[in-house]
Number of protein chains: 2
Amino acid sequence: MQDSIKLAGIREIAEALSISNGTVDRALHGRGGVSAKTAARVLKMAEELGYRPNLAARALKLNRRIRIGVQLPKQIASFFDPLRSAIRSAATASRGFQIALDFEEYPRLGHGDVELLTRVLGRPSDQRYDALIVTPGNPARVDALLTSIARSGTAIICVASDAPRSERLASVAVDAYTSGSIAAELLARTLPNGSVATITGDLTTLDHADKLRGFAATLATLAPHLTLLTAVESHDRAEEAYRQTVALLKRRPRPVGLYLSTANSIPVLEAVREHRMAGKIQIVTTDLFNALLPYIESGDVLATLYQRPQTQAKIALETITSYLLEGTLLNPVTRLAPHIILRSNLPLFLDHVTERQISRGVSF
Amino acid sequence: MQDSIKLAGIREIAEALSISNGTVDRALHGRGGVSAKTAARVLKMAEELGYRPNLAARALKLNRRIRIGVQLPKQIASFFDPLRSAIRSAATASRGFQIALDFEEYPRLGHGDVELLTRVLGRPSDQRYDALIVTPGNPARVDALLTSIARSGTAIICVASDAPRSERLASVAVDAYTSGSIAAELLARTLPNGSVATITGDLTTLDHADKLRGFAATLATLAPHLTLLTAVESHDRAEEAYRQTVALLKRRPRPVGLYLSTANSIPVLEAVREHRMAGKIQIVTTDLFNALLPYIESGDVLATLYQRPQTQAKIALETITSYLLEGTLLNPVTRLAPHIILRSNLPLFLDHVTERQISRGVSF
DNA sequence: TTGAAAGCGCTACCAT
DNA sequence: ATGGTAGCGCTTTCAA
């Protein structure tokens, strides 16, 4: 198969119609100031000649500096730190134009996010963000704000969770429902009778609620022999998670399986170890970071569901740049499959938890 | 965090040193015709000013049409067809310059590849490939050829398998050893005592041999209770696979687990079904395609290890373009983690087996 | 060895 | 409503 020989630019269209390239440009982009008739002729000819804009020329001419705000929580650092650094390296790798990143942090999901978002609206117009990357916590509290910001001309990209009822441009996240579902299938395959418990962050966060729904649904389908206990919310705090785990371990009968749906898993695992329950309770965790490695290697953790921050960052930035530069919205909603990390494939992911994630070579 | 205010181009360096931008360009790229002294001054100043080339301008000026040859086997189509179409869409999405793809096919791995490779060397110089994407079969037979092609100025990218002893520029593949290892871990978790069998393509193909090594090693570690039968080679042919499966099913004691390390799984699954062994033998397969879906949904297949052709294509093209345009070799060796697809996460991958993989939005 | 300048295709501005 | 043109930063050619 051979591709076409040569491709038409604005100049070719203009010549073919004996009009000026300025007019062609206006017509192609609907900038107005063109009669409906010529506009139609231009569009038709563009189609005929198979016009494809030269993006290098466009980028060079516009020479834009895209300014992107990034508002992410500090907690849980084991997820958001890699996400931040992946955003940084994805921005550096961007071809054709400069990306200026403005990182802002707040303590944790749902605490301080509203304040930061509000501040975005107050920015002087010469410092307006072209795009804003956020992880929405409770949609009820941020939907309206996100919509205002979007209407003020800043494209909003939700990462790691979503606020579907706001006017965000796009959303990138792991499919939360499926994450829960995988956890349930893995536990269902491994466990005999008994009850299983889940520890999550905060059920007002969409991502956390969806994980639980998926978990419950698949458990009911695939493992009628397992009972699901009421979900525990740790609010992504270490102490709470520890305390709640201890309480769970004191229940009789003791749960035989555990699904930890946020990266706040270490306190739980410590509590389990201290009560000498390691290996006796099957545990599925979320995400991947240094402190978790020994638990996977030892088999204390059956599997962890990795939310692929690098991939999320890459897609978020691709979405932003192709929207701002080409005007095309690639995919309003991306739902990634989490990586299922077991003992056998753990080595392949070790790159992701070291400093190497900052370097350029890492692709996923 | 605020990024730097403005960035230096060639012009700025030239002005700072009161020389012409032509000289600066020559010095920066070591094109010769520059005195060692000025070259050093330029390099130093570039460093000082934090020079970053404007890739849009470079692309515009060069306005290159990169010509890429793609030589992949027809069989097994369920893997290579998606790979081909992913290469096509990744090329279309490339910003800043044209990519001309030249697809060539041969019957199957190891049959006809040498002939096609040989033909590359005979191409007239004005039709030279800038890069060549191949899946090497038996390295003993292609290593020398690949090296010749590489030396003739065509960058070689291996996809789906590797020829590490050739002078290929880069290689992108699923980590084969780990794939085998995952299969073993999954079977080990599920099976009681018994023997397990593997059906592969051809053990001279590196990818196939590595899968087997990983499978055997992990089985020995994690499942001493399972015996591994000698590997069966189906040479990626349907009839052979069917026949060999029937033979396996007649063995006593009958194997309790099966690892199919290539996409040539349907004949095997059919044989198993016809012998009413579905669900009684745990099976791990490779890759994902329409015909496989019902087997996963029914539970006949415990899991399939998806080799992510879209991702491989994307990385291959990124590697090529950044090498040809920027002169940087991103990652000589990329080893992807296969996706472990179970019943619970299958829905997330359905996009990948429909026609949608041709559209632009799909990222993985 | 170095300088000067053209021009890649597009956008945007000014003129008509 | 349309035409004409400068200029983005780089590479390359021609001249000195």
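Basis of the calculations
Residues numbered from 1 in each chain as written. Chains lettered and ligands numbered in written order. Predicted model: local features only at pLDDT ≥ 70, side-chain atom pairs only at ≥ 80, totals over all residues. Heavy atoms only, no water. Pairing = 2+ DSSP bridges. Helix = DSSP H or I, 4+ residues; strand = E, 2+ residues; numbered from the N terminus. Axes fitted to C-alpha atoms, helices over the stretch in contact; angles between N-to-C directions. Near = heavy atom within 4 Å. Polar contact = N/O pair within 3.5 Å; in protein donor to acceptor, adjacent residues only side chain to side chain. Nonpolar A, V, L, I, M, F, W, Y, C, P; charged D, E, K, R; others polar. Domains from an automatic or database assignment. pLDDT = per-residue confidence, 0-100. Contact = heavy atoms within 4.5 Å. UniProt positions renumbered as here; feature names shortened; annotations may be inferred.

- An unreviewed UniProt entry lists chain A under the name LacI family transcriptional regulator, from Granulicella aggregans.

1. Description of the sheet that holds strand β3 (residues 131-134) of chain B
Residue and element names in this part refer to chain B.
For step 1, the next point in the chain: The sheet built from 6 strands is open, its strands ordered β2-β1-β3-β4-β5-β12 with parallel pairing. Two strands in the sheet have a free side with no partner beyond their single neighbour: β2 (98-108) and β12 (333-336). Neighbour to neighbour, the strand axes of the sheet diverge by 15° on average, direction disregarded.
For step 2, the next point in the chain: By the bridge criterion, 10 bridges tie strand β1 (residues 65-75) to β2 in an arrangement that is parallel. Each residue of the ladder has a partner; that of Q75, found in β2, is R108.

2. Examining the protein's contact with DNA strand C
For step 1, the next point in the chain: Surrounding DNA strand C, one finds 27 residues, the nearest of these being I10 and D25 of chain A together with S20, T38 and K61 of chain B.
For step 2, the next point in the chain: By atom count, sugar and phosphate contribute 66% of the portion of DNA strand C lying within 4 Å of the protein.
For step 3, the next point in the chain: At 2.8 Å, a backbone N or O of S35 of chain B approaches a phosphate oxygen of DNA strand C.
For step 4, the next point in the chain: A distance of 2.8 Å separates a phosphate oxygen of DNA strand C from a polar atom in the side chain of T38 of chain B.
For step 5, the next point in the chain: Where the surface near DNA strand C is concerned, the elements lending two or more residues are α2 (21-29) and α4 (55-62) of chain A together with α2 (21-28) and α4 (55-62) of chain B.
For step 6, the next point in the chain: Along the lines of polarity and charge, the residues of the surface near DNA strand C split into 8 nonpolar, 12 polar and 7 charged.

3. Thoughts on the domain arrangement of chain A
For step 1, the next point in the chain: Per the domain assignment, the segments of chain A are domain 1 (10-52), domain 2 (60-173 + 309-337) and domain 3 (176-308 + 342-351 + 355-360).
For step 2, the next point in the chain: Just the C-alpha atoms count here: the centres of domain 1 of chain A and domain 3 of chain A sit 58 Å apart.

4. Topic: the sheet that holds strand β4 (residues 155-159) of chain A
Residue and element names in this part refer to chain A.
For step 1, the next point in the chain: Strand order in the open sheet formed by 6 strands is β2-β1-β3-β4-β5-β12, and the pairing between neighbours is parallel. Two strands lie at the open edges of the sheet, namely β2 (98-108) and β12 (333-336), each paired on one side alone. Taken pair by pair, the neighbouring strands of this sheet meet at an average axis angle of 15°, ignoring direction.
For step 2, the next point in the chain: Strand direction decides the pairing type here: strand β5 (residues 170-174) and β12, joined by 4 bridges, are parallel. Looking at the pairing, S171 lines up with V333 of β12.

5. So, the confidence of the model for chain A
All names here are of chain A.
For step 1, the next point in the chain: Chain-level statistics for chain A give a pLDDT mean of 92 and a share of 96% at 70 or above.
For step 2, the next point in the chain: This stretch, residues 1-5, has a pLDDT under 50; its non-local contacts, to residues over four places away or in other chains, come to 12 contacts.
For step 3, the next point in the chain: Segment residues 356-364 is flagged for pLDDT under 50; beyond a separation of four residues in sequence, or across chains, it makes 30 contacts in the model.

6. Looking at the UniProt feature "domain: HTH lacI-type" (unreviewed entry) in chain A
For step 1, the next point in the chain: The sites that UniProt annotates as "domain: HTH lacI-type" (unreviewed entry) are residues 8-62 of chain A.
For step 2, the next point in the chain: Measuring from the first to the last C-alpha atom of residues 8-62 of chain A gives 21 Å, for a span that is 71% helix and 0% strand.

7. Topic: the side chain of E104 of chain A
Residues and elements named next belong to chain A.
For step 1, the next point in the chain: Relative to the elements of secondary structure, E104 occurs in strand β2.
For step 2, the next point in the chain: In terms of polar contacts, E104 uses its side chain to reach the side chain of Q71, at 3.1 Å.
For step 3, the next point in the chain: Not counting chain neighbours up to four residues away, the residues in contact with E104 comprise V70, Q71, L72, L116, R119 and Y129.

8. Some details on the protein's contact with DNA strand D
For step 1, the next point in the chain: As a structural note, the neighbourhood of DNA strand D is formed by 28 residues, with S20, S35 and K61 of chain A together with I10 and D25 of chain B the closest of them.
For step 2, the next point in the chain: Per the 4 Å cut-off to the protein, sugar and phosphate atoms form 61% of the nearby atoms of DNA strand D.
For step 3, the next point in the chain: One of the side-chain nitrogen or oxygen atoms of N21 of chain A is found 3.4 Å away from a base oxygen of DNA strand D.
For step 4, the next point in the chain: Here a base nitrogen of DNA strand D sits 3.2 Å away from a polar atom, N or O, in the side chain of K61 of chain A.
For step 5, the next point in the chain: Only α2 and α4 of chain A together with α2 and α4 of chain B provide two or more residues apiece to the surface near DNA strand D.

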